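One letter stands for each residue in the lines below.
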Amino acid sequence: MDTESVCVSWVILEKSTSSLVKMSTENQDVQFYQLLVGVIKSADGSREQINFMNNLLKLIPNLKGIYKHYDSCIDYQEPLNLALTSISIYNGNISGYHFRKLIYSRQLDIDNDSPYIFRPKFIKWFNRILKNKITDIYRRQGNQPLFLDLDNPGVQGKPLIETLSEIDKLVREEQEKVNVPIGRQLWNYIEEDSEGILRNCHPKNCSQAHCQELAKRLLFKNPPDKLTHIARDLNVNNQTLNSHWKRTCLPLLRSIAKQFGYRQDN
Amino acid sequence: MSSIDTFFSIPVKLNNQAYSDAKKFAGEQATVEKGKQVYLNTLAVYAVDSYLKWMDFETDITQGDCWNPRIRAISDVADLVLPGIGKLECRPVLPGETTIHLPPDNLPPELMSDRIGYIAVQFEEKLDKVNLLGFCPLDNSEDTGEEIKISELKSLEEMTEYLGDLEEKSLSQDRLYQMSVNLSQWLEGIIDNIDNHIDKAWKPVEEILGINKTQLMLTARRGDNSSSVIRATEINLQREDIVYSFALVVAVISKSSDKRDICLQIHPLNQAYLPLNLKFVASNESGILAQEEAKHRKREWMQLNVKEGKPQEEFTVKIEIDGVIAIGKFLI
């Protein structure tokens, strides 16, 4: 059995740092780490920190893993500069504040952790900031839709219908293709309750507040009734009904639904 | 009708798969109204999924309740699973609506507990795009009202920061789960029928351990007439150049309709004995249920018993050797 199949349900957490780092990336990681330490440990706004920060900001766009956005509608340099500015400035001045916050929130130890773990953590954090700046620009440019399909970046989807008001017709046509849709079969099963499982499931001394009645009014009715109204109608304590519905009926209905599905499949 | 917008909304185009699945899922429903609800829920989940993937979050759209044909037929669900983090509920907003409507009455409390927030997905009359309007974090499901005003939503930038923190927190606390292993489903006999990649990792014990060692597991189901299922999986933990291979064997024994005993064993696969200091722990929210540690050499296997678990209860199993950890989450 291979490791991959295990990792589907198991997560292996390696606390040590991998030594299999390519040379070029290794050098970049060390350089990044040294500049990061310089920025964090220098006094905010000091000449020393400004030097470290300038070199760091020059290095970041070339770091392995930095997100590149290719769209002729957008000048990539603009969101990149905005992202770099947002991480290097605090209260209007050059500061290591955001880097210190990153180190703290990621529970990194700048003095004792391996230099190689800082770049990947930074990249993930920075790319999200950069992408948020990109979406800001799309929004500013007049609500141009941002297409985010990673698997098929060049292929935009075409809705099968043009407008919201056509959904009913589409759904009706689709439902007519199926003899009895599974949703209808399931509703019928619950409405019939031939074994009386749902009708017999009710709070003590409140036989009228059984699961079938509640399912009809809370799941099948559109819009659903409010629990408080049902409690009043059925002359049941609101708290009792709420608890019965959530703790007994819903798990029972989900269990019935799941079993019903498997019976259908098999 | 005019649309309510947030100044930070993000317009998103969907792919053909989204439209196609939405139509298919809607066609399975009992009524046109229910079909429309499912259609919009599916598109909303796809829109959020594509955005979060772009933001480099791991998602698993197929693991949500809304992907289960039976559950979506009886519930108003639009959940997106972020493995190790939780579920985001993607709520459609129609033209003219100024609030997002929450469906608090169709999920049991234990299922609400893994919801980490709501994200509003706005539809306009034209269906060629949707707008991600904003986000509302959810810390305590019991406190959720029935609706949230769109004007009170937080920005998606705040959401990515929030999710990023949760992602890091789950990693740092060794609490990263891909998904649950549903043990009740094993008892329902579906392991051999359902095309589920999780269960493919769980094989008959003799396939993993060989015939001789399989005898050990007989203890797990001896002595009563209750039904049981036993499966095993292989776990490899690597520490620098050393690879430790283990078989984790899990026996689920149904004592009654609402009581299950779980027996867990760990065996070495690439050596005769378990490595010294190997820790084997089962725990749930209340604390440690059972634990063992290989404190002496020549320990051939270790066993944990989780007694009288109830359906829908969860527990985790941790295997740790020299700081390398594997964690699995089990749903009884």
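A word on the confidence of the model for chain B. Residues and elements named next belong to chain B. Mean pLDDT over chain B: 81, with 78% of residues reaching 70 or higher. Predicted confidence in chain B is weakest over helix H7 (residues 197-200), with a mean pLDDT of 56, and strongest over helix H2 (residues 32-54), with 95. Note that residues 173-179 has pLDDT below 50 and, in this model, 28 contacts with residues that lie over four places away or in other chains. The ipTM, which scores confidence in the relative placement of chains, is 0.81 for this predicted complex, and the corresponding pTM is 0.67.

Turning to the nonpolar core, a few remarks are in order. Judged by nonpolar contacts, the single largest core of 85 residues is most densely connected at Ile60, Phe122 and Phe126 of chain A together with Tyr39 and Leu52 of chain B. Sorting elements by how many residues they give to this core places H2 of chain B first, with 12 residues. In this structure, Leu52 of chain B is in contact with Phe57, Thr59, Leu80, Leu82, Leu88, Met159 and Leu163 of chain B, ignoring residues within four places of it in sequence. Of all hydrophobic cores here, the second largest spans 33 residues; its members include Phe246, Leu264, Met302 and Val306 of chain B.

Before going further, it helps to examine the packing of aromatic side chains. Residue and element names in this part refer to chain A. Throughout the structure, instances matching the rule amount to 15 aromatic pairs over all chains. Seen from their ring centres, Tyr33 and Phe118 are 5.1 Å apart, and the 40° between their planes marks the pair as tilted. With Tyr33 in helix H2 (residues 23-41) and Phe118 in helix H6 (residues 118-140), this residue pair connects regions lying 85 residues apart in the sequence. Ring geometry for Phe99 versus Phe122: centroids 6.2 Å apart, planes at 15°, classification stacked. Taken as a pair, Phe99 in helix H5 (residues 97-105) and Phe122 in helix H6 lie far apart in primary sequence, 23 residues in all. Three or more aromatic residues link up through ring pairs in this structure, and these residues are Phe32, Phe99, Phe122, Trp125 and Phe126. Its end group placed over the ring of Tyr67, Lys131 keeps NZ or CZ at 4.6 Å from the ring centre.

Turning next to the sheet that holds strand E4 (residues 146-147) of chain A. Here six strands make up an open sheet; going across it, the order is E4(A)-E1(B)-E6(B)-E5(B)-E3(B)-E2(B) and the pairing mixed. With one partner strand each, in any of the chains shown, E4 of chain A together with strand E2 (79-82) of chain B form the two edges of the open sheet. Across the sheet, H2 of chain B lies against E4 of chain A together with strand E1 (10-13), E2, strand E3 (86-93), strand E5 (115-123) and strand E6 (130-137) of chain B, angled at about 125° from E3 of chain B, the strand it touches most.

This paragraph deals with H5 of chain A. Residues three or four positions apart in an α-helix share a direction because the helix packs 3.6 residues into each turn. Residue and element names in this part refer to chain A. Buried within H5 are the following residues: Phe99, Leu102 and Ile103. The arc that holds every buried residue of H5, seen down its axis, measures 95°, which confines them to one face. Trailing H5 by a residue or two, Gln107 shows a phi angle of about 55°, which is positive.

Now for the pairing of strand E11 (residues 259-268) of chain B. Residues and elements named next belong to chain B. When you tally the buried positions in E11, you get nine out of 10 residues, the bulk of the element. Judged from the 10 bridges that link them, strand E10 (residues 242-256) and E11 form a sheet pairing that is antiparallel. Counted as the bridge partner of Phe246 is Pro268 from E11. Between the end of E10 and the start of E11, which pair antiparallel, lie two residues. Sheet analysis places E11 next to strand E14 (residues 302-309), joined by six bridges and oriented antiparallel. Bridged to Arg260 within E14 is Gly309.

What follows deals with the environment of Gln17 of chain B. One can find Gln17 of chain B in helix H1 (residues 16-27). Along the backbone, Gln17 of chain B and Tyr46 of chain B are 29 residues apart, and their C-alpha atoms lie at a distance of 9.0 Å.

Time to look at the pairing of E2 of chain B. All names here are of chain B. Side chains of E2 alternate between two faces, with Asp79 and Val81 and Leu80 and Leu82 buried alike. Inspection of the sheet shows E2 paired to E3 by four bridges, in the antiparallel sense. Following the sheet pairing, Val81 is matched in E3 by Lys87. Linking E2 to E3, which pair antiparallel, is a turn of three residues; within it Gly84 sits at a positive phi near 85°.

Criteria and thresholds
- Residues numbered from 1 in each chain as written.
- Chains lettered and ligands numbered in written order.
- Predicted model: local features only at pLDDT ≥ 70, side-chain atom pairs only at ≥ 80, totals over all residues.
- Heavy atoms only, no water.
- pLDDT = per-residue confidence, 0-100.
- Helix = DSSP H or I, 4+ residues; strand = E, 2+ residues; numbered from the N terminus.
- Contact = heavy atoms within 4.5 Å.
- Core = buried A, V, L, I, M, F, W, Y, C linked by side-chain atoms within 4.5 Å.
- Buried < 20%, exposed > 50% of the residue type's maximum accessible area, 1.4 Å probe, protein only.
- Phe/Tyr/Trp six-rings, centres within 6.5 Å; stacked < 30°, edge-to-face > 60°.
- Lys NZ or Arg CZ within 6 Å of the ring centre and 35° of its normal.
- Pairing = 2+ DSSP bridges.
- Axes fitted to C-alpha atoms, helices over the stretch in contact; angles between N-to-C directions.
- Arc of directions from axis to C-beta.

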